[in-house]
Amino acid sequence: MRSAEAALVSLEKDDPGNLAGVFIIHGPETYYHSRLIRAIRRRTVEPAFEAFNYTVFEHGGASLDAVRSAVLTPPVMAPHRLVVVRDPEELVGERRGGTTEIGGGAGSGQDGQDGEEPGRGGDAAAGSSGGSSRVEAVRRWASFLGEVPPGCRLVLSLSRDLPASSPLLKAGAGLEPPADVIRCFPATARSAEVWVRKLAGELGGSIDPDASQALVMRSGQDLAVLERELEKLITYVGPGNRIRAEDVASAATPSAEANVFELVDLIGHRRSHDAVAKLRRLLEQGEPALRLMAMVVRQVRLVFITREMVEGGAEVREIEKRLKLPTWVVRGYLSQARNFDRAQLIEMMRSLAAMDLEVKSGRREPEAALELFILRYGSRLG
C-alpha cells in the first residue's frame, strides 16, 4: 500500500506497460481519487479510441454483472481498455461523508478522534441481515478481481477506508502481479496548509504563510475546495501579486466549520441575535441542521477540553497533541475558552445532550432546537 502522493509521482514516471492490472484506491480524500484516475487514464487509454476502451461505473449503476461484462470485453485497436468503478453500492451502501470500513468483519474499527474510543463501522454489524449481505458482496467482488484479463485495467475507487483485514485487499495482494493499492489519507489542517503553499506555486501564484493558514481555517481541509478557492484568489489578486491574509478574508468562501466557529464566538460575546442570524443564513444556504448541530457540539467540546487543559497547566504544544490540531487552530480555541468558565461549558454540554435527545425522539425540530440553544446561552453568558 502506498500514499496517493507517492502514487501520482510514480504514475508520471512508470512505463505504461508496467502498470498493474488492478488498482484499489481507497480513503476519504476524494480529490486524490480523481487525480489518480486521470493519471491512470492518460497512461492507459489512447484518446482516439477512448469511446471504445474507457468505461466508468458510478455507485448504483456499478453492479458486479455490468462491471464483469465491461472488464471481459476485449480492447479495440489498443493493448488495454480501462474500467473505472466508483463507490459501487453493493460495497459502500448509501454514500455519505466520513471514514467507514468496508468488509472488515466484526473485529474491525476506525480510528477515534479527539481522544474518543475507536468506533465500529461498515460490516462490524455483520450479525444483521444487511451486514451479512454486505460481507457476502465484498467476498464476491474480491473473487472477481482474479477474473480481470491482461487486456484490461480495472480501477476500484472507494471513498472510504478499507481495513487491513478486508477480503478486497487480500485478494488484490494475491494477484499476479499484485494489485496497486493506494490510500488517500484525509488532509489534516497542517498538511492542507503545506499543500496550499505548494499548489499556489504550481498554479503560477504565491501565498503568504499566514494567508495559507487563514485559507485552511476559513475554507476547511477539503483539497478540492481549497484548489477552487486558491484559483479564485490568484485571479482576485492579479498576476504576479502575492496572496495575503486580508485577501483570504475578503474573497475566500468560509466553510461550515469556520462559520460554526464564528457562531460559538458570537455566543461567547453575548451577541445572540447575530448568532441566530448567522445560523439562519447557513440554513438558507443549504447546510443541514443536524450537521450544524453536530458541529456545534464538537466545537463546545473542544473549547471545554482546551479550557480544562489550560487550567491544568498544559502548554500549547500539549493541547495541540491532544486535539490533533496545529498551533494556529489551537490559539483560536484558547481565545474562545476565555469567553466561558468551566460551569458554563458543562451546562452547555448538558443542554446540547438534552437537545440531541429531543431532536432524535422527534419532540423538537433541529432548527428550532439550535435557535433556542443560541438564544438561551448567548443572552445569559458573560
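Residues numbered from 1 in each chain as written. Predicted model: local features only at pLDDT ≥ 70, side-chain atom pairs only at ≥ 80, totals over all residues. Heavy atoms only, no water.

### Observations concerning the packing of helix α8 (residues 189-202) against helix α10 (residues 223-237)
Geometry of a packed helix pair, given as the angle between the helix axes and the separation of the axes. One way to put it is that α8 packs onto α10 with a least axis distance of 11 Å and a crossing angle of 40°. Considering their axes alone, α8 and α10 lie oblique with respect to each other. Our pair here, α8 against α10, has a crossing hand that is right-handed. Side by side, α8 and α10 meet where A192, W195, V196, L199 and A200 of the first sit next to L223, L226, E227, L230 and I234 of the second. (Axes fitted to C-alpha atoms, helices over the stretch in contact; angles between N-to-C directions. Helix = DSSP H or I, 4+ residues; strand = E, 2+ residues; numbered from the N terminus. Parallel < 35°, antiparallel > 145°, perpendicular 65-115°, else oblique. Left-handed = near helix turned anticlockwise from the far one by under 90°. Contact = heavy atoms within 4.5 Å.)

### Here we look at the pairing of strand β6 (residues 180-183)
Bridge count for strand β1 (residues 2-3) against β6 is two bridges, and the pairing is parallel. By the bridge assignment for β6, S3 is matched with R183. (Pairing = 2+ DSSP bridges.)

### Description of the sheet that holds β6
Sheet strands pair by backbone hydrogen bonding; their relative direction is either parallel or antiparallel. Reading across from one edge, β1-β6-β2-β5-β4-β3 is the order of the six strands in this open sheet, with parallel pairing throughout. Looking at strand neighbours, the two that pair on one side only are β1 and β3 (54-58), the edges of this open sheet. The pairing of β3 with strand β4 (residues 81-86) spans five bridges and is parallel. Across the sheet, the residue bridging to V56 is V84, located in β4. This element, helix α4 (residues 64-71), spans β3, β4 and β5 (152-158) of the sheet and lies at about 165° to β4.

### Some words on the pattern of salt bridges
If you walk through the whole model with that rule in mind, you get 20 salt bridges. Across the pair D208 and R242 runs a salt bridge, and its minimum N-O distance is 2.4 Å. Taken together, the residues span a long stretch of sequence, with D208 in the loop between α8 and α9 (209-219) and R242 in the loop between α10 and α11 (245-251) at a distance of 34 residues. The exposure class of R242 is partly exposed, given its relative accessible area of 42%. Close ionic contact of E246 with R244 constitutes a salt bridge, the shortest N to O distance being 3.5 Å. The structure contains a network of salt bridges with shared partners spanning D65, R68 and E147. (Salt bridge = Lys/Arg side-chain N within 4 Å of Asp/Glu carboxyl O. Buried < 20%, exposed > 50% of the residue type's maximum accessible area, 1.4 Å probe, protein only.)

### Some details on helix α2 (residues 30-44)
The terminal C-alpha atoms of α2 lie 21 Å apart, and with 15 residues this matches the ideal 21 Å at 1.5 Å per residue to within 8%. Every buried residue of α2 is listed here: Y31, Y32, H33, L36, I37, A39, I40 and T44. (Expected span 1.5 Å × (residues − 1).)

### Describing the packing of aromatic side chains
Under the defined criterion, the tally for this structure stands at four aromatic pairs. Considering the side-chain rings of Y31 and Y32, the 5.5 Å spacing of their centres and the 70° angle between planes classify their relative orientation as edge-to-face. Each member of the pair, Y31 as well as Y32, carries the same accessibility label: buried. Here the aromatic rings of F373 and Y377 are separated by 5.0 Å at their centres, their planes lie at 45°, and the arrangement is tilted. On the criterion of helical spacing, the pair formed by F373 and Y377 is a turn pair, its members being four residues apart in helix α18 (residues 366-380). (Phe/Tyr/Trp six-rings, centres within 6.5 Å; stacked < 30°, edge-to-face > 60°.)

### Examining the packing of α8 against α9
Two elements in contact, α8 and α9, have axes separated by 9 Å at closest approach and are oriented at 125°. Considered as vectors, α8 and α9 are oriented oblique to each other. As for the relative orientation of α8 and α9, their crossing is right-handed in sense. When α8 is examined against α9, the residues A189, A192, E193, V196 and R197 are found in contact with a partner set consisting of P209, S212, Q213, L215 and V216. Of the residues belonging to the contact of α8 with α9, the class tally is six nonpolar, two polar and two charged. (Nonpolar A, V, L, I, M, F, W, Y, C, P; charged D, E, K, R; others polar.)

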